[in-house]
Amino acid sequence: MLRARWWVTLTALLSLILPALPDHAAAATSSQRVKVMTYNLLEATRDGTRAPSGLTIAPWSHRRDAMVPLIRDASPDVIAVQEGASWVAGVKGPRQVDDLVKALGDAYSLARTEIPPSEPHYFRTGRYIVYKTAAYRPVGQGGHWDVGDESWTAYQVLENRTTGARFLFVATHLLVGRGRSYDQRREAETQTLIQRARSYASGWHVPVIYAGDFNSHGGANIALDGPRVAMHAAHIRDAYDIAGSRFRARYDSANLYQRRPPAYRENVDHIYVPRGISVRSWGELLRLSHGKFVGTIPSDHNPVVATLVIHY
């Protein structure tokens, strides 16, 4: 009799608890690991000019050759690329991003998020999505949005070739500028980005992964971290904050093309994820010796990489 009463009580408690669980928790029966990178390449138009650090920016061909081993070693599934539109070897191409993908070999492909220079009425946003060819395929038509201030965002739904798991990936680069007015404009851009991404993703019933150069962080010299405010209001989290582990987290993601990269934990490059996506690790990729870059500095940004788990 006591056992029967105990079981009835437990059943009643569970009936109260389980309906309160979010729908995705009950429906999610599988998980998909996705390794995401965001990388601002530094426009090739800056080659040969003097960076604020006083160093001369190396030619794109040298910087590209320094990038490729970093990307190959990290082996990301998908990369959000910024500042990848500059021409390499003449007008109409290839673009920087085309040249990088070619250097990576058959392992990676470029999502079609704009009309390429090989076609009439081409348009360059500078924001691109590169994905691992053997692991993922694009689903539907990719494209780009102007989220304000001519800050473009590229987007593409990707599907895992083995499991069928899908997600919408967006690669963005927000407005550059200092001061509260710029912070507020970046907040507005992020709000527009979220609205557009959620609206598009709803038709596919997929989660959204946001990655790119948001030109904002929570450091002392930023009046308002507008993108973070907008993301948190929408219940979207910075992968840095919820990562199970971190590596090279002391370095700023913008290295300012300094031989000794700054280390104030101030990151303008972010990977944001909604509820339902967990983060195993977060880190930055730098090749250093005694705290200084070895050889050619690839860019004025370090690639940021996070290993995510999508529950679906």
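None of the values given here were measured: they were computed from a predicted structure.

Definitions and cut-offs
- Residues numbered from 1 in each chain as written.
- Predicted model: local features only at pLDDT ≥ 70, side-chain atom pairs only at ≥ 80, totals over all residues.
- Heavy atoms only, no water.
- Helix = DSSP H or I, 4+ residues; strand = E, 2+ residues; numbered from the N terminus.
- Rg over C-alpha atoms; globule rule 2.2 N^0.38 Å.
- Buried < 20%, exposed > 50% of the residue type's maximum accessible area, 1.4 Å probe, protein only.
- Contact = heavy atoms within 4.5 Å.
- Areas by Shrake-Rupley, 256 points an atom, 1.4 Å probe, with all protein chains shown as cover.
- Lys, Arg positive; Asp, Glu negative; His and termini not counted.
- Charge placed at Lys NZ, Arg CZ, Asp CG, Glu CD.
- Core = buried A, V, L, I, M, F, W, Y, C linked by side-chain atoms within 4.5 Å.
- Polar contact = N/O pair within 3.5 Å; in protein donor to acceptor, adjacent residues only side chain to side chain.
- Pairing = 2+ DSSP bridges.
- Axes fitted to C-alpha atoms, helices over the stretch in contact; angles between N-to-C directions.
- Salt bridge = Lys/Arg side-chain N within 4 Å of Asp/Glu carboxyl O.
- Expected span 1.5 Å × (residues − 1).
- Phe/Tyr/Trp six-rings, centres within 6.5 Å; stacked < 30°, edge-to-face > 60°.

Colleague: Explain the overall build of the protein here, please?
Modeller: When helices and strands are counted, the protein shows 7 helices and 15 strands. Compactness check: the protein gives a C-alpha radius of gyration of 21 Å against a globular reference of 20 Å for 312 residues, within 12% of the reference. The 312 residues of the protein split such that 52% are buried. Intrachain contacts of the protein at a sequence separation of at least 6 include 70% that bridge at least 24 residues. Accessible surface for the protein amounts to roughly 14,800 Å². Of this, 53% is attributable to carbon and sulfur atoms. Charge-centre separation for the protein: the mean point of 37 positive side chains lies 6 Å from the mean point of 28 negative side chains.

Colleague: So what exactly am I meant to see when it comes to the nonpolar core here?
Modeller: Soluble globular proteins tend to bury their nonpolar side chains together. If you look at the biggest cluster of nonpolar residues, it comprises 29 residues, and the most contacted ones within it are Val-36, Phe-167, Phe-169 and Ile-209. When residues in this core are grouped by element, the largest group, 4 residues, is from strand S15 (residues 304-311). Excluding residues that lie within four positions of it along the chain, Phe-169 makes contacts with Val-36, Val-78, Ile-79, Ala-80, Ile-129, Ala-154, Tyr-155, Gln-156, Leu-158, Ile-209 and Ala-211. Within the second largest apolar cluster, 23 residues are counted, among which are Val-81, Val-101, Tyr-128 and Val-130.

Colleague: What am I meant to see in the environment of Asp-99 here?
Modeller: Within the secondary structure, Asp-99 is located in helix H4 (residues 96-104). C-alpha of Asp-99 to C-alpha of Tyr-131: the two residues are 32 residues apart in sequence and 15 Å apart in space. A polar atom in the side chain of Asp-99 sits 2.8 Å from the side chain of Trp-60.

Colleague: Help me understand the sheet that holds strand S12 (residues 277-284) in this model?
Modeller: In sheet architecture, strand pairing relies on hydrogen bonds along the backbone and comes in two forms, parallel and antiparallel. The strand order across the open sheet built from 7 strands is S3-S4-S2-S1-S15-S12-S10, with neighbouring strands paired in mixed fashion. Only two strands of the sheet have a single neighbouring strand rather than two, namely strand S3 (108-110) and strand S10 (245-247). Across this sheet, the average inter-strand angle for adjacent strands is 20°, counted without regard to direction. Sitting on the sheet, helix H3 (residues 60-74) touches strand S1 (31-40), strand S2 (78-82) and S3, and the angle it makes with S1 is about 165°. Across the face of the sheet, H4 comes into contact with S2, S3 and strand S4 (128-132) while running at roughly 160° to S3.

Colleague: Looking at this model, I keep getting lost on the pattern of salt bridges. Mind explaining?
Modeller: Where charged atoms from two side chains of opposite charge come close, those side chains can pair. Taken as a whole and assessed by the stated rule, the structure comprises 12 salt bridges. Note that Glu-114 is salt-bridged to Arg-95, the shortest N-O span being 2.7 Å. Of this pair, Glu-114 sits in the loop between S3 and S4 while Arg-95 sits in the loop between S2 and H4, and the two are 19 residues apart along the sequence. Like Arg-95, Glu-114 is buried.

Colleague: For this particular structure, what's the right way to read helix H5 (residues 180-202)?
Modeller: Each turn of an α-helix holds 3.6 residues, which means side chains three or four residues apart point in the same direction. The end-to-end C-alpha distance of H5 is 33 Å, a good match for the 33 Å that 23 residues give at a rise of 1.5 Å each. For H5, every residue scored as buried is listed here: Asp-183, Arg-186, Glu-187, Glu-189, Thr-190, Leu-193, Ile-194, Ala-197 and Ala-201. Where H5 is buried, its residues touch strand S5 (136-146), strand S6 (152-160), strand S7 (166-173), strand S8 (208-213), helix H6 (226-233) and strand S9 (236-238).

Colleague: Any chance you could explain the packing of aromatic side chains here in plain terms?
Modeller: Aromatic ring pairs: the centre-centre distance and the angle between the two ring planes describe each pair. Tallying each qualifying case throughout the model produces 9 aromatic pairs. Ring plane angle 80° and centroid distance 5.1 Å describe the contact between Phe-214 and Tyr-272, whose orientation is recorded as edge-to-face. Of the two residues, Phe-214 sits in the loop between S8 and H6 while Tyr-272 sits in strand S11 (residues 269-274), which places them 58 residues apart along the sequence. Taken individually, Phe-214 and Tyr-272 each receive the classification buried, so the pair is uniform in this respect.

Colleague: Just to check I follow, could you spell out the side chain of Lys-35 for this structure?
Modeller: Looking at where Lys-35 falls in the secondary structure, it is placed in strand S1. Here Lys-35 is buried and forms no salt bridge, its nearest opposite-charge partner Asp-77 lying at an N-O distance of 7.9 Å. Here Lys-35 is in contact with Ala-74, Ser-75, Pro-76, Asp-77, Val-78, Val-305, Ala-306 and Thr-307, once residues within four sequence places are set aside.

Colleague: Would you explain unusual backbone geometry in this entry?
Modeller: Glycine aside, residues mostly have negative phi angles, and peptide bonds mostly take the trans form. Unusually for a residue other than glycine, Leu-42 sits at a positive phi of about 75°. Mapped onto the elements of the fold, Leu-42 is located in the loop between S1 and H3. A relative accessible area of 1% means that Leu-42 is categorised as buried. In this model, Leu-256 sits at a positive phi of 60°, which is unusual for a non-glycine residue. Structurally, the position occupied by Leu-256 is in the loop between S10 and S11.

Colleague: Is there a simple way to think about the sheet that holds S11 in this case?
Modeller: If you walk across this open sheet you meet the 6 strands as S5-S6-S7-S8-S11-S9, and the pairing is mixed. Each edge of the open sheet carries a strand with a single partner, namely S5 and S9. Sheet twist, expressed as the mean angle between neighbouring strand axes with direction ignored, is 20°. Sheet analysis places S9 next to S11, joined by 3 bridges and oriented antiparallel. Each bridged residue has a counterpart across the sheet, and for Ile-236 the counterpart in S11 is Pro-274.

These figures come from the coordinates and say nothing about function on their own.
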